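Summary of the model geometry
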Amino acid sequence: MPGLNAQATKLAGYEFYEKVLGSPKYIVAPMVDQSELAWRRLSRRYGGQLVYTPMINAKDIARRGCYGSFLQDEWDLIYRLVNTLHKNLSVPVTAKFRVFPTVEKTVEYAKMLESAGAQILTCHGRTRDQRGHNTGLADWEKIRAVKQAVSVPVFANGNILFHSDIERCLEATGADAVMSAEGNLYNPAVFAPSLASMPPPVLPPSDPNTPHPRHWHIATDTGLHPAHTTLALEYLSIVKSLKTPTSNGAIKAHLFKLFRPALSRETDLRDRLGKMRVDRGKERECVEKWEEVVRELDARMRRDAMDVNDKTIDELITIDPATGLKILPHWVAQPYFRPLPPPPGGQTLKKKEIKSESAPADSPMTNVNMQSAATEEPPTSSKRTTSERSPEPNDDASKRIKLNTDSTDSG
């Protein structure tokens, strides 16, 4: 390849992982239009140790463009692509891939990538058909099989809803690190274990009389859950500090995901966010418009949190009856999940029949479906009681703002 030269000795495999990368355990995934510089910096503030830049989408989505997991059937071509880069680049090549329906084919594919020259493998434990409403659970058993079959470092990707899932994943898969995509987008502090992990505040409150609720940021056995408006204001302050503009689409997508627990009740602010438009070339001038909406939501969330100041954290947390997972107060960042869709034909599976190879039968993860539609409202059973001053969710479909986020994870 013209202009490329790999004559100098380059580190490979574990040498590269340990000596260059510093043996990171917490990895933020490459996400189309979502892991831009401002978000990467925010993620690093909250515990991300290795943060990937986004895949650049030149023209089509992945299926039409035949890239990402939709290139997965072209084994000879993939081998040549990885091997050409491995032989000609002065830096190590890494690869991320989705599993196949069988363990055997998944392992064979991983070994092909290793033989082509990939020095780190990230294994996403879902097949390429597990997307959108059919996302379902990642299969940690397949990731474990890959780890046992190759000699290079392996990152496990999938099922990281809470911080408490990290150790479970590492133990179940034997992987060297975990990678988070959707979990990071809904809570960029997913890698932070406790309130002691909170970085110093970037911005003081705009109003010196701003109330400070007792449970504004929450830490439980699931990890750290900061107030989502605090995260949003930090993110926007980073956006303003950069020399290069951040796209309107990236900002909007991040805010919708962060605010998902609150927007089903604060429908006027949901609509304002959805209708926000920024002229090309004027991105910097419009950050203040985003901040205006965020500060209004912040005031409402502080009001709601003050209304329950006399309650304990345990009293504020409920359990979703469909998934068995914790639902935290609506002012803090938290994952979005919902039960798996019913099987074809309209039959309804009993709870004990909905299982996954990658989670124990008694694990709440067996009934969970990761969802990437940021503005879709959670099931009725997961809604919490609001203060009397908080508007109830408006189910008028004509007022819902639709945001396409199905292509977040390029892999």
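The model shown is predicted, which means the values in this text are computed figures rather than measured ones.

This model, assessed by the stated rule, comprises nine aromatic pairs. With 5.0 Å between their ring centres and 70° between their planes, Trp75 and Tyr109 make a pair best called edge-to-face. Of this pair, Trp75 sits in helix α4 (residues 75-88) while Tyr109 sits in helix α5 (residues 103-116); the two residues are 34 residues apart in sequence, bridging distant segments of the chain. On the accessibility criterion, Tyr109 (4% relative accessible area) is buried.

The next point concerns the side chain of Lys252. Within the fold, Lys252 resides in helix α10 (residues 248-258). Nearest to the buried, unbridged Lys252 among oppositely charged side chains is Asp271, at 11 Å. Separated by 3.0 Å, the side chain of Lys252 and the backbone oxygen of Gly274 make a polar contact.

Pairing is parallel across the open sheet formed by six strands, whose spatial order is β2-β1-β6-β5-β4-β3. One side of each edge strand has no neighbouring strand; the edge strands of this open sheet are β2 (50-51) and β3 (93-98). Pairing analysis gives two bridges linking strand β1 (residues 26-28) to β2, with the strands arranged parallel. Within the sheet, the bridge partner assigned to Ile27 lies in β2 and is Leu50. Its contacts with the sheet put helix α7 (residues 164-173) on β1, β5 (154-157) and β6 (177-180), and the angle it makes with β6 is roughly 125°.

One non-glycine residue with positive phi stands out, namely Ser23, at about 55°. Residue position: Ser23 is located in the loop between α1 (13-20) and β1. One non-glycine residue, Asn159, adopts positive backbone phi at about 75°. Residue classification places Asn159 among the buried positions, given a relative accessible area of 3%.

Once that is clear, we can look at the nonpolar core. Core analysis: the biggest nonpolar cluster contains 97 residues, and Leu113, Leu121, Tyr235, Phe259 and Trp331 have the highest contact counts within it. Excluding anything up to four places from it in sequence, Tyr235 contacts Glu36, Ala38, Trp39, Leu42, Thr246, Ala250, Ile251 and His254.

Running from N to C, helix α2 (residues 37-45) and helix α9 (residues 228-241) cross one another at 130°; their axes reach a closest spacing of 9 Å. Judged on the interaxial angle alone, α9 and α2 are oblique. The crossing of α2 and α9 is right-handed. Residues Ala38, Trp39, Arg41, Leu42 and Arg45 of α2 lie in contact with α9, whose contacting residues are Leu231, Glu234, Tyr235, Ile238 and Val239.

Calculation rules
Residues numbered from 1 in each chain as written. Predicted model: local features only at pLDDT ≥ 70, side-chain atom pairs only at ≥ 80, totals over all residues. Heavy atoms only, no water. Phe/Tyr/Trp six-rings, centres within 6.5 Å; stacked < 30°, edge-to-face > 60°. Helix = DSSP H or I, 4+ residues; strand = E, 2+ residues; numbered from the N terminus. Buried < 20%, exposed > 50% of the residue type's maximum accessible area, 1.4 Å probe, protein only. Lys, Arg positive; Asp, Glu negative; His and termini not counted. Salt bridge = Lys/Arg side-chain N within 4 Å of Asp/Glu carboxyl O. Polar contact = N/O pair within 3.5 Å; in protein donor to acceptor, adjacent residues only side chain to side chain. Pairing = 2+ DSSP bridges. Contact = heavy atoms within 4.5 Å. Axes fitted to C-alpha atoms, helices over the stretch in contact; angles between N-to-C directions. Core = buried A, V, L, I, M, F, W, Y, C linked by side-chain atoms within 4.5 Å. Parallel < 35°, antiparallel > 145°, perpendicular 65-115°, else oblique. Left-handed = near helix turned anticlockwise from the far one by under 90°.

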